[in-house]
Amino acid sequence: MQFQSHFVTTRRSRIYLSLSIFVIFGIAFSYYHTFNSIPGLIPEFKAPSLWSSKPSKFWSSFAPLLAVAAPKCSPPERPPRNAIAQNRFYDSHWKLRSGESWLIDEFPFPNLLNMNDSDLQSMHDSHSLFVDLLTIKAPTLEYGKGTKGIVTSAGGSYFPVLIISILMLRRSGSTLPIEVFLTSPSEYEALCDSALPSLNAKCIVLSDLLIDTPHTFTIKTYQLKIFAILFSSFDDLLFLDADNFPIYPPEDLFLSEPFTTHHLVLWPDYWTSTASPYFSTITGLDPVIIRTRPTIEAGQILVSKKHHTKTLLLAAYYNVYSEYFYRMISQGGPGEGDKDTFAPAAMVLNSTFYTVESPPMNLGIRAAGGSAVIQYDPSNARPFFIHASWGMKLNALKKIETVRKWGSEEKSREMFGMDVERAVWGYMVQVACNSWEFADWGGGNKSLTGVCEQSRKCFSDIFGVEWEDEGVGEEREEGFYGGEGLT
């Protein structure tokens, strides 16, 4: 769906050198043994450099803009969730689509917020100031010209989930480098220096970059996504949630329409907008445009930072002041958070972007728990992403199953060319039983949790065979890396 809005050295040195060589050999030794703990699963990569922070010229210029254009009033009060849920899920008027066509809402979603006229004017003035500042001279993003990569975020219970998603990404044949953003040093794990480099991935601590400025902002939860995009080193990037993985190499997406012409590709969610009319008043967006297009499922975002710098900076503004804009954009509706800050930012700036035509589809039965969301290739409508965002995601310690949740083997092979649920569980058992440790699993000692035995039992219950009985060295299915313990 194409969219265009209508708006506007010495002895000491020798000692240091010797120590450096010693450390480098030690790290290399560690990488070697970590990689070989799961033989045959993934292609070998040259380890990326370890994380070290450096002052960000971009942040030194961007933080003052955020501060000077801060809202000068109190945030709107959050509406009662039962009020929004009743309208959203039980009134058929608010369903996103009928059959395969987008449903055009004839009436705006009711306003559930309360703001007085002076606060609305103040918010409008602050928003206009920020947009004007971007128009005059937007801060320069820092990235490698022509580079491409995957950006994601993790930490805590999401680390085991992310590893499975990365292994599935590598299984697809993709070799794109990966940057994993963490909110603070407390989320940095040994895995960042061992397992991840063997997967051509590295951890980056965001809080280390938000320094060298008197302006302080707390970035957490949903806000991390846009800042990971802004601070990533890639020019063109695909952001993926930690529980999201592609079926095919995403390299193809960078080289074809619609990305090559629109430079920002977004994927639709299940629902229409629940935005308050206050959002249109503050931003100047036509409310008809907001309510006649789908909301966004932002588990995957394909963007060129070169072409959409201002869009990303305005989306960051909406996320920094989330207590204002999340509420006005969603009013407590499904998935309230960052997901619907990207499209409005592009529309306000009159920037062309593309929303994928194919609506999302359930993989499995949501009511039964553990289902996932399928998102489609924007160019040929084949199933491309699996976003395991419901249930216990892909955390082997917390995901206890006895039956399939993603449909039959036959249906999976028909859609994806493989039994994708069995492949995912194969990786989950591998990671649960190898030497990789997670803080979320027994505080870094997973032997205390029984996760290996538990995941083996789940595999046996679901697929009717012991995991050790899985074929080794079978002919790999087209488009995927074969591996020990995987079909």
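All of these numbers come straight from a predicted model, not from anything done at the bench. (Residues numbered from 1 in each chain as written. Predicted model: local features only at pLDDT ≥ 70, side-chain atom pairs only at ≥ 80, totals over all residues. Heavy atoms only, no water.)

1. Describing the overall build of the protein chain
Along the backbone of the protein chain there are 17 helices and 16 strands. Among the 487 residues that make up the protein chain, the fraction classed as buried is 56%. In the form shown here, the protein chain has an accessible surface area of approximately 20,600 Å², with 55% of it arising from carbon and sulfur atoms. (Helix = DSSP H or I, 4+ residues; strand = E, 2+ residues; numbered from the N terminus. Buried < 20%, exposed > 50% of the residue type's maximum accessible area, 1.4 Å probe, protein only. Areas by Shrake-Rupley, 256 points an atom, 1.4 Å probe, with all protein chains shown as cover.)

2. Topic: the sheet that holds strand β14 (residues 361-363)
The strand order across the open sheet formed by 4 strands is β8-β16-β15-β14, and the pairing between neighbours is antiparallel. The open sheet has two edge strands, β8 (244-246) and β14, and neither has a second partner. Ignoring which end each strand starts from, the neighbouring axes of this sheet average 30° apart. Pairing of β14 with strand β15 (residues 372-376), which is carried by 3 bridges, proceeds in the antiparallel orientation. Bridge pairing in β15 places Leu-363 opposite Ala-372. (Pairing = 2+ DSSP bridges. Axes fitted to C-alpha atoms, helices over the stretch in contact; angles between N-to-C directions.)

3. Some thoughts on the environment of Trp-59
On the secondary structure map, Trp-59 appears in helix α2 (residues 57-68). Residues Trp-59 and Thr-213 lie 154 residues apart in sequence; the distance between their C-alpha atoms is 7.8 Å. Once you skip the residues sitting within four places of it in the chain, Trp-59 turns out to touch Pro-64, Leu-66, Leu-209, Leu-210, Ile-211, Thr-213, Phe-217, Phe-227 and Phe-231. (Contact = heavy atoms within 4.5 Å.)

4. Quick word on the packing of α2 against helix α4 (residues 117-137)
Their axes nearest at 9 Å, the elements α2 and α4 cross at an angle of 155°. Considering their axes alone, α2 and α4 lie roughly antiparallel with respect to each other. Between α2 and α4, the residues in contact are Phe-62, Leu-65, Leu-66 and Val-68 and Leu-129, Phe-130 and Leu-133, respectively. Looking at side-chain class alone, the contact of α2 with α4 contains 7 nonpolar, no polar and no charged residues. (Parallel < 35°, antiparallel > 145°, perpendicular 65-115°, else oblique. Nonpolar A, V, L, I, M, F, W, Y, C, P; charged D, E, K, R; others polar.)

5. Remarks on the environment of Arg-171
On the secondary structure map, Arg-171 appears in helix α5 (residues 158-171). Sequence separation between Arg-171 and Pro-246 is 75 residues; the distance between their C-alpha atoms is 9.5 Å.

6. Topic: the confidence of the model for the protein chain
The predicted model of the protein chain averages 83 in pLDDT, with 77% of residues at 70 or higher. Overall, residues 85-101 carries pLDDT values under 50, and its contacts beyond four positions in sequence, including any with other chains, amount to 39 contacts. (pLDDT = per-residue confidence, 0-100.)

7. Concerning the packing of α5 against helix α16 (residues 420-433)
Two elements in contact, α5 and α16, have axes separated by 10 Å at closest approach and are oriented at 125°. Taken together, α5 and α16 sit at an angle that is classed as oblique. The two elements α5 and α16 cross, and the hand of that crossing is right-handed. Judged by residue contacts, Ile-163, Ile-164, Leu-167, Met-168 and Arg-171 of α5 engage Val-420, Ala-423, Val-424, Tyr-427, Met-428 and Val-431 from α16. Among the residues making up the contact of α5 with α16, the classes are represented as 10 nonpolar, no polar and 1 charged. (Left-handed = near helix turned anticlockwise from the far one by under 90°.)

8. Notes on the pattern of salt bridges
This structure, assessed with the given rule, holds 15 salt bridges. A salt bridge links Lys-339 to Asp-340; its shortest N-O distance comes to 3.0 Å. Residue Lys-339 is classed as buried on the basis of its relative accessible area, which comes to 8%. Overall, the relative accessible area of 9% leaves Asp-340 in the buried class. We note a salt bridge from Lys-399 to Glu-401, for which the minimum N-O separation is 3.4 Å. No difference in accessibility class separates Lys-399 from Glu-401, as the two residues are buried. Linked by salt bridges that have partners in common, Lys-225, Asp-241 and Asp-338 make up one network. (Salt bridge = Lys/Arg side-chain N within 4 Å of Asp/Glu carboxyl O.)

9. Describing the pairing of β15
The buried fraction of β15 amounts to 5 of the 5 residues, a majority that puts the element mostly inside the structure. As paired strands, β15 and strand β16 (residues 383-387) are joined by 4 bridges and run antiparallel to one another. Note that in β16 the partner of Tyr-376 across the bridge is Pro-383. The hairpin formed by β15 and β16 contains 6 residues between the paired strands, and Ala-381 there has a positive phi angle of roughly 60°.

10. Some words on α16
In this model, α16 (14 residues) spans 20 Å end to end at C-alpha, consistent with the 20 Å of a helix rising 1.5 Å per residue. Burial analysis of α16 places 13 of its 14 residues in the buried class, the great majority of the element. (Expected span 1.5 Å × (residues − 1).)

11. Description of the nonpolar core
In summary, soluble globular proteins display a tendency toward joint burial of nonpolar side chains. In terms of nonpolar packing, the biggest core is built from 70 residues, with Phe-227, Leu-230, Phe-231, Leu-314, Phe-325 and Met-328 touching the most fellow members. Per-element tally for this core: the top contributor is helix α12 (residues 309-320), with 8 residues. Apart from the residues within four sequence positions on either side, Phe-231 is in contact with Ser-56, Phe-58, Trp-59, Phe-181, Leu-206, Leu-209, Leu-210 and Lys-305. Membership of the second largest hydrophobic core comes to 68 residues, among which are Leu-199, Val-265, Ile-386 and Leu-397. (Core = buried A, V, L, I, M, F, W, Y, C linked by side-chain atoms within 4.5 Å.)

12. Here we look at the state of the cysteines
Taken as a whole and judged by the stated rule, the model has 2 disulfides. Disulfide pairing is shown between Cys-433 and Cys-452; the S-S distance is 2.0 Å. Between Cys-433 and Cys-452, the S-S dihedral sits near 100°, and the bridge is therefore right-handed. With Cys-433 in helix α16 and Cys-452 in helix α17 (residues 451-463), the pair connects residues that are 19 residues apart, well separated along the chain. (Disulfide = S-S within 2.5 Å.)

13. Structural notes on the packing of aromatic side chains
Under the definition given, this model contains 23 aromatic pairs. Considering the side-chain rings of Phe-254 and Phe-259, the 5.7 Å spacing of their centres and the 90° angle between planes classify their relative orientation as edge-to-face. For Phe-259, a relative accessible area of 3% translates into the label buried. Among the aromatic side chains, those forming a connected cluster through ring pairs are Phe-58, Trp-59, Phe-62, Phe-130, Phe-217, Phe-227, Phe-231, Phe-279, Tyr-317, Tyr-318, Tyr-321 and Phe-325. Above the ring of Tyr-248, the side-chain terminus of Arg-382 is found at 3.9 Å from the ring centroid. (Phe/Tyr/Trp six-rings, centres within 6.5 Å; stacked < 30°, edge-to-face > 60°. Lys NZ or Arg CZ within 6 Å of the ring centre and 35° of its normal.)

14. Topic: the side chain of Asn-319
Relative to the helices and strands, Asn-319 is located in helix α12. By relative accessible area, Asn-319 is classed as buried at 0%. Among the polar contacts made by the side chain of Asn-319, one reaches the main-chain carbonyl oxygen of Ala-315 at a distance of 2.7 Å. Side-chain polar atoms of Asn-319 contact the side chain of Thr-341, separated by 3.0 Å. Not counting residues up to four positions away in its chain, the partners in contact with Asn-319 are Tyr-222, Gln-223, Ile-226, Tyr-326, Asp-338 and Thr-341. (Polar contact = N/O pair within 3.5 Å; in protein donor to acceptor, adjacent residues only side chain to side chain.)

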